Amino acid sequence: EQYITNPLRLTVFRQDMIRQWPDLQVEEISDDTIRVSVADARPVRFRQYYFPGWAATLDGEPTEIYPEDEVGMITIDMPPGEHTVRLYYVGTPAQHLGALVTLAAGGVGLMLGMTARHATRQTSQPVTQALKTVPAAFIAVGLVGFALVNTYIIAPGTLWFRHQSPPDAPVYMQQRVDMNFGNTFTLLGYTLAQDSAAPGGLLNVELFWRALRDTEGEDYRPVVQLVNLNVDAAWAVSEPFSPGGGSTTFGYPLDRFASEVHVMRLYDDVPPYMGRVLVRMIDYRTGMPLLLPDGRDSLILEPLVRVAGAGASIEKNLDYRLGDVVELWCASVRQENGSYQIDLYWHTRGMLADTLHTFVHGLDATGEIVTQQDAETMQGDYPSRYWLLGQTLTDRYSLPADTAVTQIAIGLYVPGGTRLPVTQGGQPVSDDRVLLPLEEIHCSR
């Protein structure tokens, strides 16, 4: 409520005050002045996002402020001891220049109007001279209109031309969920406007939360990730301090929802697969996630997100084609920690409705199977129905090492056991399989 009447009121970030006490102690002297005591030199964050125009003094002397890395709050490096800090907004040169330009334009418009009226009195053609007042009138009306729009429409806190949502039905929410997280929060739903993102690029998802009970004295924070289909690798993550309604430690609004936009940057080495958005709510005190009604600790949102890209850059040193689906461009077998690590590099020629499986057989000198592994291609992490033409995909398998094994046989088959036909240089290959020597090959360019 204090921020309604004084939006520029400043204080040290309260969660830091709780977590760092007694090494960090704060006394608020006025709305812009704070007495801070620190046990040792440390950065102190203030509850205000940094942007140009803010200034500060430390014990009466100007001091440097900067945005901290995590969320960009104003931060001041403080030496040990007790200090008086004043934070205030002075504006930027561009803002000051804009005000001067506005005043000058208003003055010019007024002068033009007065000049035109004076000229009208001195001429025998008052109608012609009066027409010259039109530009001045346009300027005056434009200035008044700009002031009204800025005050009543654009300014924060105004509700003109803005949607007002019921507390459990956000207007801008695209997909409804209504999932209970630990009888503490309900995820009402989300908006995911993107269906793809590139490695190193951004993925935005907006979540809509509503508290189910009072959380005063408790600390929760959401975790949002882009994960692979097997949910055993994260490709991007967003972990803000608290849900969109602000810190849960000092209570959370029960009579309205809170929205938050999570902006996730994908890691540069993300493969060109399909992923999904995973949501957790973490109890900061215990580090444990709030459980869903069925006992799960996270919620997977429905839409799939495609990671753009063509895949690995591979030297093509093999000439095998398997059906009309893929080509085997390179393969490597290396022995490591008592096992054979088999790396296969497929180059896609098309999509297949059926799920493809890979067989990997360790053969002895007579061609008999000594050890084997069968699994869905890419271990089910990128089913063939999602493949795109021209992608180069990495497929890895492991077999127990055995001295009897002299070569590795690999191939692809569809459910029911039918192998894809294998050709080399356009000629059929016996048994529709590729025989690989126990040889490590460097496939990457």
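The structure contained in this document is the topic of the report that follows. No experiment lies behind these values; they were computed from the predicted model shown.

In this section: the environment of aspartate 178. Tracing the backbone through its elements, the reader meets aspartate 178 in strand β9 (residues 175–181). Sequence spacing of aspartate 178 and tryptophan 209 is 31 residues, and the spatial spacing of their C-alpha atoms is 9.2 Å. With near-sequence residues (within four places) excluded, aspartate 178 lies in contact with Thr186, Leu187 and Leu188. Among the polar contacts listed, one links the side chain of aspartate 178 to the side chain of arginine 176, at a separation of 2.7 Å.

It is worth spelling out a nonpolar patch on the surface at this point. A grouping of Leu97, Leu100, Val101 and Leu103 is seen on the molecular surface, where their side chains present a nonpolar patch of about 430 Å² in accessible area. Looking at the element boundaries, leucine 97 is found in helix α3 (residues 93–121). Exposure remark for leucine 97: the relative accessible area of 52% places this residue in the exposed category.

With respect to the element layout, threonine 392 can be found in strand β24 (residues 392–400). For threonine 392 and tyrosine 345, which are 47 residues apart along the polypeptide, the C-alpha to C-alpha distance reads 6.5 Å. If sequence neighbours within four positions are ignored, threonine 392 has contacts with Ala310, Gly311, Ala312, Ile314, Trp329, Trp346 and His347. At 3.1 Å, the side chain of threonine 392 forms a polar contact with the side chain of histidine 347.

The next subject is the state of the cysteines. All told, the structure shown has 1 disulfide when counted by the stated rule. For cysteine 330, the disulfide goes to cysteine 443, at an S-S distance of 1.9 Å. On the S-S bond that ties cysteine 330 to cysteine 443, the torsion sits near -75°, and the link is left-handed. Pair noted here: cysteine 330 is in strand β20 (residues 326–336) and cysteine 443 is in the segment after β28 (434–437), with a separation of 113 residues, a long-range link. Residue classification places cysteine 330 among the buried positions, given a relative accessible area of 0%.

Before going further, it helps to spend a moment on the pattern of salt bridges. Enumeration over the complete set of coordinates arrives at 21 salt bridges. Arginine 35 is the partner of glutamate 27 in a salt bridge, and the nearest nitrogen-oxygen pair spans 2.7 Å. In this structure, glutamate 82 and arginine 35 form a salt bridge, with 3.6 Å as the shortest nitrogen-oxygen distance. In this pair, glutamate 82 is assigned in strand β8 (residues 81–89) and arginine 35 in strand β2 (residues 33–38), connecting sequence segments 47 residues apart. Relative accessible area serves as the criterion here: at 54%, glutamate 82 is assigned to the exposed category. Here arginine 35 falls in the partly exposed class, since its relative accessible area comes to 26%. Members of the salt-bridge network, linked through shared partners, are Lys316, Arg321, Glu327 and Arg349.

Here we take up the sheet that holds strand β12 (residues 202–211). If you trace the 4 strands from one edge of the open sheet to the other, you get β9-β10-β12-β15, paired in antiparallel fashion. Edge positions in the sheet fall to β9 and β15 (258–265), since each of these pairs with one other strand and no more. Strand-to-strand twist across the sheet, computed as the mean angle between neighbouring axes with direction ignored, equals 30°. Where β12 and β15 come together, 8 bridges link them in antiparallel fashion. Counted as the bridge partner of glutamate 206 is valine 261 from β15.

Here we come to the sheet that holds strand β7 (residues 73–78). A sheet is described by the order of its strands in space; here 3 strands give the open sequence β3-β7-β6, paired in antiparallel fashion. Of all the strands in the sheet, just β3 (42–49) and β6 (66–67) have a single pairing partner and so form its edges.

Cis geometry marks the peptide bond from tryptophan 21 to proline 22; its omega dihedral reads 5°. Positive phi, normally seen in glycine, also occurs at methionine 378, with a value near 55°. Tracing the backbone shows methionine 378 in the loop between β23 (369–376) and β24. With phi around 65°, aspartate 431 is a residue other than glycine that occupies positive phi space. With respect to the helices, strands and loops of the structure, aspartate 431 is situated in the loop between β27 (427–428) and β28.

Time to look at the packing of aromatic side chains. Taken as a whole and assessed by the stated rule, the structure comprises 10 aromatic pairs. Centre to centre, the rings of phenylalanine 51 and tryptophan 54 are 6.2 Å apart; their planes meet at 70°, and the pair counts as edge-to-face. On the accessibility criterion, phenylalanine 51 (36% relative accessible area) is partly exposed. The residue whose ring lies beneath arginine 19 is tyrosine 284, and the NZ or CZ to ring-centre distance is 4.1 Å. Here arginine 86 stacks its cationic end above the ring of tyrosine 88, 4.2 Å away from the centre of that ring.

The subject of this paragraph is the pairing of β8. The pairing of β2 with β8 spans 6 bridges and is classified as antiparallel. Pairing of serine 37 across the sheet is with glutamate 82, part of β8. As paired strands, strand β4 (residues 54–58) and β8 are joined by 5 bridges and run antiparallel to one another. Counted as the bridge partner of leucine 58 is valine 85 from β8.

Rules used throughout
Residues numbered from 1 in each chain as written. Predicted model: local features only at pLDDT ≥ 70, side-chain atom pairs only at ≥ 80, totals over all residues. Heavy atoms only, no water. Helix = DSSP H or I, 4+ residues; strand = E, 2+ residues; numbered from the N terminus. Contact = heavy atoms within 4.5 Å. Polar contact = N/O pair within 3.5 Å; in protein donor to acceptor, adjacent residues only side chain to side chain. Patch = residues over 30% accessible without salt bridge, like charges linked within 9 Å, V, L, I, M, F, W, Y side chains within 5 Å. Areas by Shrake-Rupley, 256 points an atom, 1.4 Å probe, with all protein chains shown as cover. Salt bridge = Lys/Arg side-chain N within 4 Å of Asp/Glu carboxyl O. Buried < 20%, exposed > 50% of the residue type's maximum accessible area, 1.4 Å probe, protein only. Disulfide = S-S within 2.5 Å. Pairing = 2+ DSSP bridges. Axes fitted to C-alpha atoms, helices over the stretch in contact; angles between N-to-C directions. Phe/Tyr/Trp six-rings, centres within 6.5 Å; stacked < 30°, edge-to-face > 60°. Lys NZ or Arg CZ within 6 Å of the ring centre and 35° of its normal.

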